[in-house]
Amino acid sequence: MQMNDTIVHVQDLCKFFRTFKRREGVLGAVKDLFVREQRLVKAVDHVSFDIARGEMVGYIGPNGAGKSTTIKMLTGILVPTEGEVQVNNFVPHRDRKHYTRSIGVVFGQRTQLWWDIAVIESFKLLRRIYDVSERDFDARMALFNDILRLNDFLHTPVRKLSLGERMRCDLAASLLHNPPLLFLDEPTIGLDVVAKESIREFLKTINPEFQTTILLTTHDLADIEELCRRIMIIDQGKILFDGSLEEIKRRLGKINQITLYLKDRSEQAKIAALNASLALLAQTLSAGAAKQMSANGLHLEQIDDLKCRIVYDRRLIPTEEILRQIVNSLEVRDILIEEESIEEIVKKIYTEGREAFVGERA
Amino acid sequence: MKNWLQTYLEFARVGFVNILAYRLRYYTGVITYFINVTVYYFIWRAIFTNSDHIEGFNLKQMTTYVALGWIIRSFYFSTIDQDMANDVMEGKISMTLIKPIHVQWSLVAQSLGESCFRLFMLTAPAAVVIALVFPMSGPSSALHFAGFFASTVLSFFIVASINFIAGTCAIRLKSILGLLRAKYFLLELFSGLLIPMTFFPQSIQKVMNYLPFQHISFTPVLIYLGKIQGPKIWEELGIQLLWAVAIFLIGQWWWATSIRKLSIQGG
């Protein structure tokens, strides 16, 4: 059963497509004329999740993972092959006309505005479509203007807008009717840093102010880090991870990196000694614990005369211990400690799939 | 109801404004229609050299028939089918589906806006140019002209609904350019645009009586020429209206069953 504050409920959702294989060459083409080989593509394969009212969830995955297909089922565009979808107490594809009143949608790759007419004309038409009163319309436009600064190009046809301007307009258009739920499919795709920032700023404002639930897909993990407490990772139609950003970092981000900036060249001579003592430390701490990491989970490398880098598995060797060894061994100007970036972690999941979670410790 | 009407009037307005962007196209459009009429005029003049009357038409009536057929075509045609085919192929159809609108009505309303725009930018200038050059007869009476006008508006709705049905086929077939081409030629032939329906063999005429196509061009022009008289005008208009409603409903059903089969992969 659904909880009261659950706004999106998805259970064992599937979407399969039938595609035709094309055979090679002239002979293949002739064969294809008569008998075509069918192939079943499982774009979304038994996906389940719930989203609570007011949540901002990041939905990520490599190209072709099934993100867009999921969004299209959630927005009522596609009919699921199997499974259950319930959003805002609607089954999206069954009651599309009523359901779409309660959602806002932005597809970063396309615009929902009318291409050849001025932006404001599109907004006026949308105002009619969604039955927004003139007062609400003016109030919301004023708010959108504040953050997205639309005034400069409201009278320009959409086809003449830059991608950043267009995306801001699309975002405003999707929220004209103040929907409780917003779907964003790659809203920052192809945008420059400033445009991305203004869109993130906007989402950060409306989410708490209107209690708007937001599900967004993206390839830019900075979007997720700035906006979403929860992420879902999908690959080959299946959900691989569903949890918080901290959780995934804790579970999979095991590598830390320390960069040392030596005080002067004379310190170089002491590196070998540091290396030896670190190796000893690593051996004692990680004896028998995990052999999967090469060199006992620690690696020291000299970058140039004044700089060297230590990469280690922080689950095996406490950072504190390494720092103590460093301070004992040589004099430094500066020390930089970095944890594995979310990009690195996600890259690992994309390339290894489920395998990425196998080696992890609870 | 009031809201509903306002929404779709707004769609018509957008269609009207939208097409403004392409107004240059209409200067060449006037020339195209003029050339079409010229070609058919000379063909018919050649045919009429040996006889004064063919199937109840004299040369002047025939010239009027052909010229008027093309003139009203510039009003009643719509690009719903091509637009839908493009939208499905490019996946833009999603953008329509995320809005709480009746897809068919919104497309028809938008086309109506475009047609109203064309009435001034294409139909009227083409009519003036053609009437100045070729010997055309005027409408049989004011009443006949009114009937002709109403009939042409109904033609618009018949064509729009046929185009919607054809466009919806794109959902299942993906590429429907061939289908649209076939539809284009069938409509030209069986709407009575190329030759009056009375020129067809009896057997074909009988079949066509049970189909909507001849009500697109043949019926309005016959009303103009006064070949349909008195209460018959009302009857013909009624039949047109019934066809318009029937095809609209078929389109609605066809859309509802087709949209469930929509598949857009990627993007």
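Residues numbered from 1 in each chain as written. Chains lettered and ligands numbered in written order. Predicted model: local features only at pLDDT ≥ 70, side-chain atom pairs only at ≥ 80, totals over all residues.

Turning our eyes to something else, we now look at the overall build of chain A. What chain A contains, in helices and strands, is twelve helices and 13 strands. Whereas a compact globule of 362 residues would reach a radius of gyration of roughly 21 Å, chain A reaches 26 Å, over 25% beyond that. Seen through its C-alpha atoms, chain A measures out along the principal axes to roughly 75 × 60 × 50 Å. Scored against the burial criterion, the 362 residues of chain A give a buried share of 36%. A fraction of 74% describes how many contacts in chain A between residues 6 or more apart in sequence connect residues 24 or more apart. (Helix = DSSP H or I, 4+ residues; strand = E, 2+ residues; numbered from the N terminus. Rg over C-alpha atoms; globule rule 2.2 N^0.38 Å. Buried ≥ 20, exposed ≤ 12 C-beta atoms within 10 Å, placed from the backbone. Contact = placed C-beta atoms within 7 Å.)

Attention now moves to the overall build of chain B. For chain B, the count of helices and strands is eleven helices and zero strands. If you list the helices and strands of chain B from N to C, you get α-α-α-α-α-α-α-α-α-α-α. Taken over the C-alpha trace, chain B has a radius of gyration of 19 Å; the compact-globule value for 267 residues is 18 Å, and the two agree within 12%. With respect to the three principal axes, the spread of C-alpha positions in chain B is 65 × 40 × 40 Å. When contacts within chain B are restricted to residue pairs at least 6 apart in sequence, long-range pairs at least 24 apart make up 84% of them.

Residue and element names in this part refer to chain A. The three strands lie next to each other as 2-1-4, forming an open sheet whose pairing is antiparallel. Sheet topology places strand 2 (37-52) and strand 4 (82-87) at the edges, where each strand pairs with a single neighbour. On average, adjacent strands in this sheet sit at an angle of 25 degrees to one another, irrespective of strand direction. Taken together, the five bridges between strand 1 (residues 6-21) and strand 4 define a ladder with antiparallel strand orientation. Residue His9 lies in a different strand from strand 4, and its bridge partner there is Gln86. (Pairing = 2+ DSSP bridges. Axes fitted to C-alpha atoms, helices over the stretch in contact; angles between N-to-C directions.)

Let us now look at the nonpolar core. Residues Phe183(A), Met232(A), Ile71(B), Ile158(B) and Val159(B) are the most contacted members of the largest nonpolar core, which totals 138 residues. Those residues in contact with Val159(B), other than ones at most four positions away along the chain, are Tyr76(B), Phe77(B), Ser78(B) and Ile216(B). In this structure, Leu262(A), Leu278(A), Tyr312(A) and Ile317(A) belong to the second largest nonpolar core, which totals twelve residues. (Core = buried A, V, L, I, M, F, W, Y, C linked by C-beta atoms within 7 Å.)

Between chain A and chain B, the residue contacts involve 30 residues of the former and 24 residues of the latter. Elements represented by at least two residues in the side of chain A that touches chain B include exactly helix 2 (67-74), helix 3 (96-99), strand 5 (103-107) and helix 4 (119-129) of chain A. Among the elements that line the side of chain A that touches chain B, the one with the most residues is helix 4 of chain A, at four residues. Of the residues belonging to the side of chain A that touches chain B, the class tally is 13 nonpolar, eight polar and nine charged. (Nonpolar A, V, L, I, M, F, W, Y, C, P; charged D, E, K, R; others polar.)

Our focus in this paragraph is the packing of helix 2 (residues 25-47) of chain B against helix 3 (residues 59-76) of chain B. Residue and element names in this part refer to chain B. Where helix 2 meets helix 3, the closest approach of the two axes is 10 Å, and the angle between their N-to-C directions is 160 degrees. Classified by the angle between their axes, helix 2 and helix 3 sit roughly antiparallel to one another. Helix-helix and strand crossings are classified by hand; for helix 2 and helix 3 the assignment is right-handed. Note on element contacts: helix 3 touches helix 2 through Leu59, Met62, Thr63, Val66, Ala67, Trp70 and Ser74, opposite Tyr33, Asn36, Val37, Tyr40, Tyr41, Trp44 and Arg45. Looking at the contact of helix 2 with helix 3 residue by residue, the class counts come to ten nonpolar, three polar and one charged. (Parallel < 35°, antiparallel > 145°, perpendicular 65-115°, else oblique. Left-handed = near helix turned anticlockwise from the far one by under 90°.)

Further remarks concern the domain arrangement of chain A. Each domain of chain A was delimited in the assignment, giving domain 1 (50-250) and domain 2 (254-339). The distance between the C-alpha centroids of domain 1 of chain A and domain 2 of chain A comes to 45 Å. (Domains from an automatic or database assignment.)

For the rest of this paragraph, the subject is the packing of helix 4 of chain A against helix 1 (residues 2-20) of chain B. Contact geometry of helix 4 of chain A with helix 1 of chain B gives a least axis separation of 9 Å together with a crossing angle of 160 degrees. The pairing of helix 4 of chain A with helix 1 of chain B is recorded here as roughly antiparallel in orientation. The handedness of the crossing between helix 4 of chain A and helix 1 of chain B comes out as left-handed. Here Glu121(A), Leu125(A), Arg128(A) and Ile129(A) of helix 4 of chain A lie close against helix 1 of chain B, whose contacting residues are Gln6(B), Thr7(B), Glu10(B), Phe11(B), Val14(B) and Val17(B).

Here the focus is the pairing of strand 8 (residues 230-235) of chain A. All names here are of chain A. Most of strand 8 sits out of view: five of its six residues are buried. Two elements, strand 3 (residues 56-60) and strand 8, share four bridges in a ladder whose sense is parallel. Bridged to Val57 within strand 8 is Arg230. Note that strand 8 and strand 9 (residues 238-244) share six bridges and pair antiparallel. Note on strand 9: the bridge partner recorded for Ile231 is Gly243. From the end of strand 8 to the start of strand 9, which pair antiparallel, there are two residues, and Gln236 there has a positive phi angle of about 45 degrees.

This part covers the sheet that holds strand 3 of chain A. Two strands in a sheet stick together by hydrogen bonds in their backbones, pointing the same way (parallel) or opposite ways (antiparallel). Residue and element names in this part refer to chain A. With respect to topology, six strands assemble into an open sheet ordered 5-6-7-3-8-9, the strand pairing being mixed. Each of the sheet's edge strands pairs with one partner strand only, and the pair in question is strand 5 and strand 9. When the angles between neighbouring strand axes are averaged without regard to direction, this sheet yields 15 degrees. Sheet topology note: the strand 6 (residues 181-185)/strand 7 (residues 213-217) ladder contains five bridges and is parallel.

The subject of this paragraph is the environment of Ser106(B). All names here are of chain B. Relative to the helices and strands, Ser106 resides in helix 6 (residues 103-133). Owing to 21 C-beta atoms within 10 Å, Ser106 belongs among the buried residues under this scheme. Distance from Ser106 to Gly15, taken between C-alpha atoms, is 9.9 Å for residues 91 residues apart in sequence. In this structure Ser106 touches Tyr8, Phe11 and Ile101, once residues within four positions along its chain are discounted.

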